Amino acid sequence: MNTSTSAPLRDALDIVFANRNRAYGAYQLRRAYPRYLIRALALGILLGVALPHILSAIQAMTPALAFNEVVIEIGPPPDIAPTPPTPPPPLVPTPPPPPRSINRFVPPAVLKDDEAEEKDRKSIDDLVKDDKDLGTKNVEVAEESAPVIDPNPEGLKVIEEPVRPKEEETYDIFSLNKPPTFPGGERELLKFLSENIKYPALARENNLQGNVALSFVIAKDGTVTDVQVLKDIGGGCGKEAIRVVSSMPKWSPGEASGYPVKVRYTLPVRFQLN
């Protein structure tokens with residue numbers, strides 16, 4: 001409830017809270033604020049004046065700690081006789097290595113598979129650790145001597161002739177001892193293709209690009225035959241690739257067992273617009 005307006009106004013606080021509820025806490029806090037401020041100020045002054053005297057009295061009641069200064073004099077170090085250096089141990093001459101037996105070179109015996117005797121093979125580490133001599137004849141020689149090699153070994157002869165390849169068989173490149181090669185190598189092959197291929201007009205107009213895969217046979221004399229298209233991109237690129245590959249010079253033929261043979265070769269020809 002609002003207080004009556006007939007009460008006398010003592011100060012500005014009453015003017016602010018005129019016609020307002022003074023029972024609310026704000027009016028009471030503001031009214032008691034000067035009293036609390038004076039009390040806090042008086043207490044602070046009292047502590048500021050009395051605190052140094054209190055600290056002095058406490059220090060006077062505490063007994064002072066006495067420190068005794070101790071000085072220790074260190075005399076000169078005792079005389080120590082120098083220790084003579086330890087003489088080095090006498091040098092012991094290294095004895096020469098004892099002569100060891102050197103195995104005589106035994107020429108290998110060439111036998112057929114059914115006549116050869118299967119034996120367990122020893123590893124190199126086992127042979128080095130083994131004290132037994134290898135071979136049947138040993139000669140006591142110096143360490144630096146080379147093994148004796150028989151200049152004319154007996155029993156060496158060809159017992160199997162290489163199998164001659166079939167005349168009409170066409171080999172793939174992975175089953176040959178020597179694959180066919182273009183004159184000058186792969187670099188010259190790519191150079192030949194780039195210099196001789198003419199981009200077909202239809203493929204150029206339709207922006208056709210990609211690889212044309214060809215398969216052809218390299219005969220025993222190195223000529224290129226049986227050119228086939230495995231993959232075409234259209235626009236006349238397949239026909240142009242066949243024309244260029246068919247005009248290749250002779251290759252170095254592939255060999256199987258030392259004989260020239262016919263080889264089926266696969267070559268990708270790339271068509272790309274600059």
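Notes on the structure in this doc start here. (Residues numbered from 1 in each chain as written. Predicted model: local features only at pLDDT ≥ 70, side-chain atom pairs only at ≥ 80, totals over all residues. Heavy atoms only, no water.)

**Some remarks on the layout of surface pockets**
Inference 1: Taken as a whole, the largest pocket holds about 300 Å³ of empty space.
Inference 2: Lining the largest pocket are Leu 190, Leu 193, Ser 194, Ile 197, Tyr 199, Pro 268, Val 269, Arg 270, Phe 271, Gln 272 and Asn 274.
Inference 3: The set of elements that each furnish at least two residues to the lining of the largest pocket consists of α4 (186-196) and β7 (259-271).
Inference 4: Examining the composition of the lining of the largest pocket, we find that four residues originate from one element, β7, more than from any other.
Inference 5: A breakdown of the residues in the lining of the largest pocket according to their chemical character gives seven nonpolar, three polar and one charged. (1 Å grid on protein atoms, 1.4 Å probe; cavity = no way out; pocket = protein on both sides within 12 Å on 5 of 7 lines; lining within 4 Å. Points joined across faces, edges and corners; volume = space filled by probe spheres on them. Helix = DSSP H or I, 4+ residues; strand = E, 2+ residues; numbered from the N terminus. Nonpolar A, V, L, I, M, F, W, Y, C, P; charged D, E, K, R; others polar.)

**Some thoughts on the pattern of salt bridges**
Any two side chains of opposite charge can pair, on the condition that their charged atoms come close.
Inference 1: In the structure shown here, the tally under the stated rule is two salt bridges.
Inference 2: For Asp 226, the salt bridge identified is with Arg 264, shortest N-O distance 2.8 Å. Highlighted residues: Asp 226 in strand β5 (residues 224-231) and Arg 264 in strand β7, separated in sequence by 38 residues.
Inference 3: Residue classification places Arg 264 among the partly exposed positions, given a relative accessible area of 27%. (Salt bridge = Lys/Arg side-chain N within 4 Å of Asp/Glu carboxyl O. Buried < 20%, exposed > 50% of the residue type's maximum accessible area, 1.4 Å probe, protein only.)

**Focus: the pairing of β7**
Inference 1: In terms of strand pairing, strand β3 (residues 170-172) meets β7 through three bridges, oriented parallel. Bridge assignment links Asp 172 to a residue of β7, and that residue is Arg 264.
Inference 2: Note: strand β4 (residues 210-218) against β7, nine bridges, orientation antiparallel. Among the inter-strand pairings, Val 217 is bridged to a residue of β7, identified as Arg 264.
Inference 3: Taking the residues that link successive antiparallel strands as the turn, the strand β6 (residues 254-256)-β7 hairpin has two residues, and the phi of Ser 257 there is positive, at about 60°. (Pairing = 2+ DSSP bridges.)

**Observations concerning a nonpolar patch on the surface**
Inference 1: Among the surface-exposed residues, Leu 51, Ile 54, Leu 55 and Ile 58 lie close enough to one another that they form a single nonpolar patch of about 370 Å² accessible area.
Inference 2: Along the chain, Ile 58 turns up in helix α2 (residues 25-61). (Patch = residues over 30% accessible without salt bridge, like charges linked within 9 Å, V, L, I, M, F, W, Y side chains within 5 Å. Areas by Shrake-Rupley, 256 points an atom, 1.4 Å probe, with all protein chains shown as cover.)

**Points about α4**
Inference 1: Burial in α4 covers these residues: Leu 189, Phe 192 and Leu 193. Along α4, the residues classed as buried sweep out an arc of 95° about the axis, all on the same side. When the buried face of α4 is taken as reference, the exposed residues oriented beyond 90 degrees from it are Arg 187, Leu 190, Ser 194 and Glu 195.
Inference 2: Packing partners of the buried residues in α4 comprise α6 (237-246) and β7. (Arc of directions from axis to C-beta. Contact = heavy atoms within 4.5 Å.)

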